[in-house]
Amino acid sequence: MKISVQSEDFDLGAEVKAISGNDRIGAVASFVGLVRDVAMTLEHYPGMTENAIKKIVEEAMSQWQVMECTVIHRYGDLQPNDQIVLVAVASSHRADAFAACQFIMDYLKTQAPFWKKEHRPEGARWVDARDSDDEAAERWRSLKQPRLLKP
Amino acid sequence: MKVKVLFFARLREELGTSVEVIDLPDSASTVNGLRSLLMRRGGAWQRLLAEGKNLKIAVNQDLASAAAPLNPGDEVAFFPPVTGG
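Residues numbered from 1 in each chain as written. Chains lettered and ligands numbered in written order. Predicted model: local features only at pLDDT ≥ 70, side-chain atom pairs only at ≥ 80, totals over all residues.

Novice: Break down the overall build of chain B for me, with residues and values.
Specialist: What chain B contains, in helices and strands, is three helices and five strands. For chain B, whose C-alpha radius of gyration is 12 Å, the value lies close to the compact-globule estimate of 12 Å for 85 residues. With the C-alpha coordinates of chain B rotated into their principal frame, the extents come out at 35 × 30 × 20 Å. With 85 residues in all, chain B has 27% of them scored as buried. Long-range contacts, defined here as pairs at least 24 residues apart, represent 52% of the contacts in chain B between residues at least 6 apart. (Helix = DSSP H or I, 4+ residues; strand = E, 2+ residues; numbered from the N terminus. Rg over C-alpha atoms; globule rule 2.2 N^0.38 Å. Buried ≥ 20, exposed ≤ 12 C-beta atoms within 10 Å, placed from the backbone. Contact = placed C-beta atoms within 7 Å.)

In structure tokens, the structure reads:
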């Protein structure tokens, strides 16, 4: 598991390659979030942010077959089209990789302490949390199934 | 007892501080006790620390409720709902 909260940009190809070395891995699902429309500054809570992401990844690993996982989230000043967040999950099969990747992203949006401040022409404003993000995270509560233990 | 109090994002900006050490009386050793003490400063303190969906609380870097007990040296953070990703 690699978790990094950093100001620097990241390279999707390099990160995917880094978690693909094991020959039991048959699927890597990845997600990259980009800055839309306006420049922004991202604030975080050093320490708690990393721990919150780690807990989310551990939760995903308890629900799905996850062999490797990398989460990178940037902070500081970002411009439109900049990369903000990367989630990459390696598994034996695609269903687990897809599901764990989406779960981690949905939970990260509502649980990890980051705050966006947009710099609009009319002035800077803190972005409000959206109910739709809470609903996206909540949806997983009913979808998660107990996994069968394998011998 | 002393606790370290952190403020983030809109709270940090509007309160004009990011970190403070507060000496709490023994009778106020919960997040709510700390909140009431700070809210007595009035103005933005009273408005921003009012309980509701716009105020999130963490104790020692774990999300906590306003009723959570506090111990000497604890780190308490107040912040708005998160908007990362």
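Novice: Before we move on, could you go through the overall build of chain A and cite the residues and values that matter?
Specialist: When you go through chain A residue by residue, the secondary structure sums to four helices and eight strands. Moving toward the C terminus, one meets the helices and strands of chain A in the order β-α-β-β-α-β-β-β-α-β-β-α. The C-alpha extent of chain A, read off along each of the three principal axes, is 60 × 35 × 25 Å. Contacts in chain A between residues at least 24 apart in sequence constitute 78% of all its contacts with a sequence separation of at least 6.

Novice: Please give an account of the environment of Ala 64 of chain B that cites residues and values.
Specialist: Residues and elements named next belong to chain B. With respect to the helices and strands, the residue Ala 64 is situated in the loop between strand S4 (62-63) and strand S5 (75-79). Since 19 C-beta atoms lie within 10 Å of it, Ala 64 is described here as partly exposed. Along the backbone, Ala 64 and Val 31 are 33 residues apart, and their C-alpha atoms lie at a distance of 8.7 Å. Apart from residues no more than four positions distant in its own chain, Ala 64 is found in contact with Val 31, Ile 57, Ala 58 and Val 59.

Novice: Which residues make up the nonpolar core, and what are the values?
Specialist: Residue and element names in this part refer to chain A. In this structure, Val 87, Val 89, Ala 100 and Ile 104 are the most contacted members of the largest nonpolar core, which totals 53 residues. Here the element with the most residues in this core is helix H3 (residues 94-111); it accounts for nine residues. Residues within four places of Val 89 in sequence aside, it is in contact with Val 28, Ala 29, Val 66, Cys 69, Ala 97, Ala 100 and Cys 101. (Core = buried A, V, L, I, M, F, W, Y, C linked by C-beta atoms within 7 Å.)

Novice: Run through the sheet that holds strand S4 (residues 68-74) of chain A, naming residues and quoting values.
Specialist: Residue and element names in this part refer to chain A. With mixed pairing, the four strands of this open sheet are ordered in space as S1-S4-S6-S2. Whereas interior strands pair on both sides, the edge strands pair on one side only; in this sheet they are strand S1 (2-6) and strand S2 (27-34). Adjacent strand axes in the sheet meet at a mean angle of 5 degrees, parallel and antiparallel pairs treated alike. Direction of pairing for S4 relative to strand S6 (residues 83-91): antiparallel, over a ladder of six bridges. In the strand pairing of S6, Glu 68 is matched with Ala 90. (Pairing = 2+ DSSP bridges. Axes fitted to C-alpha atoms, helices over the stretch in contact; angles between N-to-C directions.)

Novice: So, the interface of chain B and chain A: which residues are in play, and what are the values?
Specialist: With 13 residues of chain B in contact, the opposing surface of chain A contributes 21 residues. Looking at side-chain class alone, the side of chain B that touches chain A contains eight nonpolar, four polar and one charged residues. (Nonpolar A, V, L, I, M, F, W, Y, C, P; charged D, E, K, R; others polar.)

Novice: For the sheet that holds strand S1 (residues 2-7) of chain B, give the residues involved together with the corresponding values.
Specialist: Residue and element names in this part refer to chain B. Here we have five strands laid out as an open sheet, ordered S2-S1-S5-S3-S4, and mixed in their pairing. Of all the strands in the sheet, the pair left with one neighbour each is strand S2 (19-23) and S4. Across two bridges, strand S3 (residues 56-59) lies against S4 in antiparallel orientation. Paired with Ala 58 across the strands is Leu 63, a residue of S4.

Novice: Please provide a residue-by-residue account of helix H2 (residues 48-63) of chain A, values included.
Specialist: With 16 residues, H2 of chain A should cover 22 Å at 1.5 Å per step; its first-to-last C-alpha distance of 23 Å lies within 8% of that length. Looking only at H2 of chain A, the buried set comprises Met 48, Thr 49, Ala 52, Ile 53, Ile 56, Val 57 and Ala 60 of chain A. Looking at the buried residues of H2 of chain A, the elements they touch are S1, strand S3 (40-44), S4, H3 and strand S7 (114-120) of chain A together with S3 of chain B. (Expected span 1.5 Å × (residues − 1).)

Novice: Talk me through helix H2 (residues 31-39) of chain B; I want residue IDs and the actual numbers.
Specialist: Residue and element names in this part refer to chain B. Turning to H2, its buried residues are Val 31, Leu 34 and Arg 35. Projected down its long axis, H2 carries its buried residues within an arc of 100 degrees, all on one side. Residues of H2 that are buried in the fold lie against S1, S2, S3 and S5. (Arc of directions from axis to C-beta.)

Novice: I'd like a rundown of the pairing of S3 of chain B, residues and numbers included.
Specialist: All names here are of chain B. Pairing of S3 with S5 involves four bridges; the strand directions are antiparallel. Considered in S5, the bridge of Val 59 is made with Val 76. Two successive antiparallel strands, S3 and S4, enclose a turn made up of two residues, where Asn 60 displays a positive phi of approximately 50 degrees.

Novice: Can you tell me about unusual backbone geometry, naming the residues and giving the values?
Specialist: We note that Asp 37 of chain A has phi near 65 degrees; this positive angle belongs to a residue other than glycine. Note that Asp 37 of chain A resides in the loop between S2 and S3.

Geometric descriptors of this kind do not, in isolation, establish any biological role.
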